[in-house]
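These are the residues of each chain, in order.
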Amino acid sequence: MKIDSDDGVLRLTFDRPDALNALTTETADELADAIEGATPETEDAIVITGAGDAFSAGGDLESLAETPESSADAYEEVTETFGRVVEAMLECPVPIVAKVNGDAVGAGLSIVALADIAYAATDATFSCAFVRVGLIPDTGGTVMLPHIVGLRAAKRLAFTGEFFDAERAADLELVNEAVPAAELDDRVAETVDGLANGPTATIGMMKQAMHENLGRLWDDALDYENLLQAQARTSAAHEEGVTAFLEDRKPEFE
């Protein structure tokens, strides 16, 4: 992950363009570390984006090909990596802007949902693709996505793993706006400048209040998500999904 800090803006870039910025556990740790270190005294805003043509293709399936020995091991793995990303993004007192420069799939889509503000290039595509590899949405996917797009829409996206374009993402309010790729940098910069000129600490308190008032405490919801993901991570469906992906064939789920 590429990390830059300039004029009060922390810029975090998924930097594996040859792998469509697929996320490894190391990437998750680096992302969580960077966000956990941000404070209103040092940053006015955080921008998350991807290098090359993709935002993020989600979890790196090659690194997931080895099934954990038990659900307990899988629970520890997901809680201490992608679970940390969720906690860091939801607790961060600095506003986070997702600059979706390209496809956002799986955990990539979940990170967009976790961001406080999101803009997408009109040629970006999205998919809550976990079902394609026998997993449930993680990285907060079962927690934040229904709150943003609505329960029924979230179910359809999760159950089918269908791909959809940036205009539909904007209609669902997964992103605030879909803009031409050539205008994406300027649109994000305009928003970041506005945040930088605002009361950063107060915005952080707004964010905290909104998250605490979502309904069910998100840490309880996240813990339940992690428990279910641990079961999915050690399932035959996930093993078949990853194997089929690596063999470039359609999965045959039982």
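Located above this text is the structure these notes cover.
Residues numbered from 1 in each chain as written. Predicted model: local features only at pLDDT ≥ 70, side-chain atom pairs only at ≥ 80, totals over all residues. Heavy atoms only, no water.

## Focus: the pattern of salt bridges
Two side chains of opposite charge can pair, provided their charged atoms sit close to one another. We count it as follows: We define a salt bridge as a contact between a side-chain nitrogen of Lys or Arg and a carboxyl oxygen of Asp or Glu at a distance within 4 Å. A helix here means a DSSP run of H or I that spans at least four residues, while a strand means a run of E at least two residues long, and both kinds are numbered starting from the N terminus. Here's how the labels work: a residue is buried when its accessible area is under 20% of the maximum for its type, exposed when over 50%, partly exposed in between, all with a 1.4 Å probe on protein chains only.
Scanning the model with the defined rule gives 13 salt bridges in all. Among the ionic pairs, K99 bridges to D185, the shortest N-O distance being 2.8 Å. Of this pair, K99 sits in strand 5 (residues 96–100) while D185 sits in helix 8 (residues 181–196); the two residues are 86 residues apart in sequence, bridging distant segments of the chain. Accessibility expressed as a relative area gives 49% for D185, which makes it partly exposed. Close ionic contact of R168 with E162 constitutes a salt bridge, the shortest N to O distance being 2.4 Å. By relative accessible area, which is 27% here, R168 ends up partly exposed. Given the relative accessible area of 16%, E162 is considered buried. Residues joined in a network through salt bridges with shared partners are D29, D33, E36 and R84.

## Topic: the side chain of D44
The test is simple: Whenever a nitrogen or oxygen atom comes within 3.5 Å of another N or O atom, the pair is scored as a polar contact, on the condition that within protein one atom can donate a hydrogen and the other can accept it, and that pairs from neighbouring residues in sequence are kept only if both atoms are in side chains. Throughout, a residue-residue contact means that at least one pair of heavy atoms, one from each residue, lies within 4.5 Å.
Residue position: D44 is located in the loop between helix 1 (25–36) and strand 3 (45–50). A polar atom in the side chain of D44 sits 3.2 Å from the side chain of T200. Residues in contact with D44, not counting those within four places in the same chain, are D7, G8, V94, P95, L195, A196 and T200.

## A few points about the nonpolar core
Put simply, the rule reads: Grouping buried Ala, Val, Leu, Ile, Met, Phe, Trp, Tyr and Cys residues that are joined through side-chain atoms within 4.5 Å yields what is termed a nonpolar core.
Of all hydrophobic cores here, the largest spans 62 residues; its most connected members are I35, I46, I48, M89, V100, F126 and L174. Those residues in contact with I46, other than ones at most four positions away along the chain, are L10, L12, I35, A38, C92, V94, P95, I96 and V97. Among the nonpolar cores identified, the runner-up in size contains 13 residues, and A121, V179, V192 and I203 belong to it.

## Regarding the layout of surface pockets
Stated precisely, the cut-off is as follows: Grid points spaced at 1 Å over the protein atoms alone were grouped into cavities, where a 1.4 Å probe fits but cannot get out, and pockets, open sets with protein on both sides within 12 Å along at least five of seven lines, with lining residues defined by an atom within 4 Å of a point. Grid points are joined across faces, edges and corners, and a volume is the space filled by probe spheres set on the points. Gly is placed with the polar residues, together with every amino acid not listed as nonpolar (Ala, Val, Leu, Ile, Met, Phe, Trp, Tyr, Cys and Pro) or charged (Asp, Glu, Lys and Arg).
Quantified by volume, the largest pocket comes out at close to 870 Å³. For the largest pocket, the lining is made up of 42 residues, of which A57, G58, G59, L61 and F245 are closest to its centre. Among the secondary structure elements, those contributing two or more residues to the lining of the largest pocket are helix 2 (71–80), strand 6 (103–105), helix 10 (218–233) and helix 11 (236–246). Residues of the lining of the largest pocket, tallied by class, amount to 22 nonpolar, ten polar and ten charged. Roughly 440 Å³ of internal volume is contained in the second largest pocket. Those elements that provide at least two residues to the lining of the second largest pocket are helix 4 (107–114), strand 7 (117–121), helix 5 (141–149) and helix 9 (200–212). The biggest single contributor to the lining of the second largest pocket is helix 9, with five residues.

## Things to note about the packing of helix 2 against helix 3 (residues 82–91)
Operational definition: Helix axes are fitted to C-alpha atoms over the stretch in contact, other axes to C-alpha atoms as well, and angles between N-to-C directions run from 0 to 180 degrees.
Contact geometry of helix 2 with helix 3 gives a least axis separation of 3 Å together with a crossing angle of 35°. In this structure, helix 2 uses V78, T79 and E80 to contact helix 3, whose residues at the interface are F82, G83 and R84. When its residues are assigned to classes, the contact of helix 2 with helix 3 shows two nonpolar, two polar and two charged.

## Let's talk about the pairing of strand 1 (residues 2–6)
The side chains of a regular strand alternate between the sheet's two faces. The condition is simple: The criterion for strand pairing is that DSSP finds at least two bridges linking the strands in question.
Bridging between strand 1 and strand 2 (residues 9–14) involves five bridges; their strand directions are antiparallel. Residue K2 lies in a different strand from strand 2, and its bridge partner there is T13. Here strand 1 folds back onto strand 2 in antiparallel fashion, the turn holding two residues, of which D7 has a positive phi close to 50°.

## A few points about the packing of helix 5 against helix 6 (residues 151–160)
Heads up, the rule is: To sort the angles, those under 35 degrees are grouped as roughly parallel, those over 145 as roughly antiparallel, those from 65 to 115 as roughly perpendicular, and the leftovers as oblique. If you view the pair so one helix is near and one far, a crossing is left-handed when the near helix is turned anticlockwise from the far one by less than a right angle, and right-handed when it is turned clockwise.
Contact geometry for helix 5 and helix 6: axes closest at 6 Å, N-to-C directions at 125°. Taken together, helix 5 and helix 6 sit at an angle that is classed as oblique. Our pair here, helix 5 against helix 6, has a crossing hand that is right-handed. Contact residues: helix 5 offers L145, P146 and V149, while helix 6 offers L151, A153 and A154. Residues that form the contact of helix 5 with helix 6 fall into these classes: six nonpolar, no polar and no charged.

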